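Descriptive structure summary
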Amino acid sequence: MSHDNPYEALGGDGDARWAFGTGFTDPLAGVDTTAPAGVDGGDLAAYCLMLGDDALVMSHRLQEWCTRAPELEEEVALANIALDLLGQARLLLARAGQADGGGRSEDDLAFLRDAPDFRNVRLVEAANGDFARSMARLLVFAVWRLALLDRLAGSRDPVLAAVAAKGVKEVAYHRDYAAGWVVRLGDGTAYSRERMKEGLAAVWPLVAELFVPHEVELRLARAGVAVDPSQLRAEFDAVLDQVLDAARLTRPDAARPGEADAAQEGPADAAPAGAGGRDGRHGTELDEVLSVMQSVARALPGATW
Amino acid sequence: MSAADETSRLEEHFDRTIAREQRIEPRDWMPDGYRRTLVRQISQHAHSEIIGMQPEGEWITRAPSLRRKAILLAKVQDEAGHGLYLYSAAETLGADRDELTAMLIDGRQKYSSIFNYPTLSFADVGVIGWLVDGAAICNQVPLCRSSYGPYARAMIRICKEESFHQRQGYELLMTMMRGTPEQRAMVQDAVDRWWWPSLMMFGPPDHDSPNTARSMAWKVKRHTNDELRQRFVDMTVPQAEALGVRLPDPDLRWNAERGHYDFGEVDWAEFRRVIGGDGPCNARRIAVRRAAHDDGAWVREAAAAHAARQADRAGRGAAA
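Just so it is clear, the structure is predicted and the values come from calculations on it, not from any experiment.

In this section: the interface of chain B and chain A. Across the contact, 70 residues belong to chain B and 67 residues belong to chain A. Contact between chain B and chain A buries roughly 5900 Å² in total, counting both sides, with carbon and sulfur atoms accounting for 68%. A salt bridge links R309 of chain B to D187 of chain A, with the nearest nitrogen and oxygen atoms 3.0 Å apart. Mapped by element, the contributors of at least two residues to the side of chain B that touches chain A are α3 (53-57), α4 (66-91), α6 (123-140), α7 (149-177), α8 (181-200), α10 (225-243), α12 (282-295) and α13 (297-319) of chain B. Top contributing element to the side of chain B that touches chain A by residue count: α4 of chain B, with 14 residues. Looking at the side of chain B that touches chain A residue by residue, the class counts come to 37 nonpolar, 17 polar and 16 charged.

In this section: the confidence of the model for chain A. All names here are of chain A. On average, residues of chain A score 88 in pLDDT, and 84% of them reach the 70 mark or higher. Taken as a whole, residues 1-24 scores under 50 in pLDDT and shows 55 contacts with residues more than four places along the chain or in a different chain. Throughout residues 258-272 the model reports pLDDT below 50, and contacts reaching past four residues in sequence, or to other chains, amount to nine contacts.

Here K69 of chain B shows up in helix α4. For the buried K69 of chain B, which has no salt bridge, the nearest side chain bearing the opposite charge is D107 of chain A, at an N-O separation of 8.9 Å.

Here the focus is empty space enclosed by the protein. Which parts of space are left empty comes out when a probe the size of a water molecule is rolled across the atoms. What the rule picks out here adds up to five cavities of 30 Å³ or more. Approximately 110 Å³ is the volume attributed to the largest cavity. E56, R68, I71, L72, K75, F122, V125, G129, H165, Q168, G169 and L172 of chain B are the residues that line the largest cavity. Only α4, α6 and α7 of chain B provide two or more residues apiece to the lining of the largest cavity. Of the volumes computed, that of the second largest cavity is approximately 80 Å³. As for the second largest cavity, its lining consists of T67, A69, E71, L72 and E75 of chain A together with I50, M53, Q54, V288, R289 and A292 of chain B. Mapped by element, the contributors of at least two residues to the lining of the second largest cavity are α2 (72-99) of chain A together with α3 and α12 of chain B. When its residues are assigned to classes, the lining of the second largest cavity shows six nonpolar, two polar and three charged.

All names here are of chain B. Within helix α11 (residues 268-278), burial applies to W268, F271 and V274. With its buried residues spanning 125 degrees around the axis, α11 presents them on a single face. The outward face of α11, more than 90 degrees from its buried face, is lined by the exposed residues R272, G276 and D278. Of the surrounding secondary structure, the elements contacted by the buried residues of α11 are α8, α10 and α12. One side-chain oxygen at the N-terminal end of α11 lies 3.2 Å from the backbone nitrogen of A269; it belongs to D267.

Residue and element names in this part refer to chain B. In this structure the tally under the stated criterion is 40 salt bridges over all chains. E25 is the partner of R153 in a salt bridge, and the nearest nitrogen-oxygen pair spans 2.9 Å. Residue R153 is located in helix α7, and its partner E25 is located in the loop between α1 (3-19) and α2 (32-51); the two are separated by 128 residues in the primary sequence. Between E58 and R285 there is a salt bridge; the shortest N-O distance is 3.2 Å. In this pair, E58 sits in the loop between α3 and α4 while R285 sits in helix α12, placing the two residues 227 residues apart along the sequence. Look at E58 and you get partly exposed, because its relative accessible area is 26%.

Tracing the backbone through its elements, the reader meets D278 of chain B in helix α11. Sequence separation between D278 of chain B and Q41 of chain B is 237 residues, and the spatial gap between their C-alpha atoms is 22 Å.

What counts, and at which threshold
Residues numbered from 1 in each chain as written. Chains lettered and ligands numbered in written order. Predicted model: local features only at pLDDT ≥ 70, side-chain atom pairs only at ≥ 80, totals over all residues. Heavy atoms only, no water. Contact = heavy atoms within 4.5 Å. Buried area = accessible area lost by both parts, 1.4 Å probe. Salt bridge = Lys/Arg side-chain N within 4 Å of Asp/Glu carboxyl O. Helix = DSSP H or I, 4+ residues; strand = E, 2+ residues; numbered from the N terminus. Nonpolar A, V, L, I, M, F, W, Y, C, P; charged D, E, K, R; others polar. pLDDT = per-residue confidence, 0-100. Buried < 20%, exposed > 50% of the residue type's maximum accessible area, 1.4 Å probe, protein only. Lys, Arg positive; Asp, Glu negative; His and termini not counted. 1 Å grid on protein atoms, 1.4 Å probe; cavity = no way out; pocket = protein on both sides within 12 Å on 5 of 7 lines; lining within 4 Å. Points joined across faces, edges and corners; volume = space filled by probe spheres on them. Arc of directions from axis to C-beta. Polar contact = N/O pair within 3.5 Å; in protein donor to acceptor, adjacent residues only side chain to side chain.

Here it is, written out as structure tokens:
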């Protein structure tokens, strides 16, 4: 850039979209977007919405930390993670809009759907709580999503495979970041340890839903396109236990002495069938997210941004 | 050689280095006043980056398209990075980041007053990029040649990123001006509110600027406030015309004799009021920063406790 006239680049062609990071309108440009043979477009779109909404809503909750993080390094890191997930959401929503033939854009899907049309798991819509609860939620989310994307990288759908391959690298960092804080807080002061235990306990009731397959996921998994989330639990438990060990913590559902019988009757955190976010059943917390996220877009119909 | 002789020899060397346009580095001898001036200037700049995250940060969750959301989130993240960078530059002069943060939140140190104005619509995001970042660049580009090495090097990187931000802001405004009548009205309203505060960013007029002369002699500062303000106005007027917005100054007109735009008098009473703490958002900006700092104290303490325990374990391991 010029050291004398920083403005000179602004002049001239008013139509040029030269601004860094703004020069693209089609996030799927260059990727083969043909749906694999024998795969229902509606199913593919529904699945892309599930994974896309997970990323979009999780990103929103992380954005809420902006200017409120405990340290400047955390401002940078949390914004970075929110940006990664926003990028994943954009690709997946664009794919959803394209796969169902309805021609809806990423913005139509993000800003013009109501809560019952969102397909995210309820884990991501829950309020942040304090930093410990936010790190517990991010750890759970990232460990689960990493296991999912790792398998999805082999999808028969070229777009999902590409999104997953890119996402694996990003989410591995998200997991390491959250794990670092869970260990620091669990093995920090007596107070931070209490906060970390409470944060994990608050998040835990939302964990079981992550592994309950939706019929769309099962159909697409049989077709080699999607991942059956019930296959992810063993890896999730193993990774989580490793982090919690280092933090000198235990899973909230781990059987405590004298409670072995109760534990054998099945996990207390099991979600009732058919009541999950994948079916559009959400808590009021998603309404809160959407009332903020969609406010400007809905206030100015027909506007271009 | 007496201590006084030694000091005068060091001072001569310092003056020669400055005169030859060479850089002063952290371990070089420097006059106390030079060090104090730089710590004050760099830390105020760092505080401005961090407080400056707030007016735009408020719109990240509400951005009306996912592309705009990504751009804004990346921009605010850059500002946090600039703050970190600048606090590090201040630390090369012996300042301590925790102490500087304490001085910010208890009001002993200042930040750019521009951030004490509120952001009332999404058009403000674009206008801040265009005018506020534009004015900041005018102020900061000469600092890339500051005599203090770490500050100059930080400013080179920061100016490059600020330039992206300014282009992104201008591009948002271009897009909005091609949109609906409501959007065009939003842009004009935002320009009306931000124009005069942007001119205030260059500081008081030269005849009323106590620190300018010495800072220029030390080459910490390269141009006077009024020179930079004029440069900003001259560069901005054609941009406003290209955009199709009106700058809210009836006295603004080209002066062929001077080769510059004439413009009206800044409301210096308002400038002093806002600097003095009585702007629309002073209390809120500090309250948010203080809350983040206070609410995060237990997290930072936990990290320190964990690190100490790790070091202790490592030490025991090494001793065994």
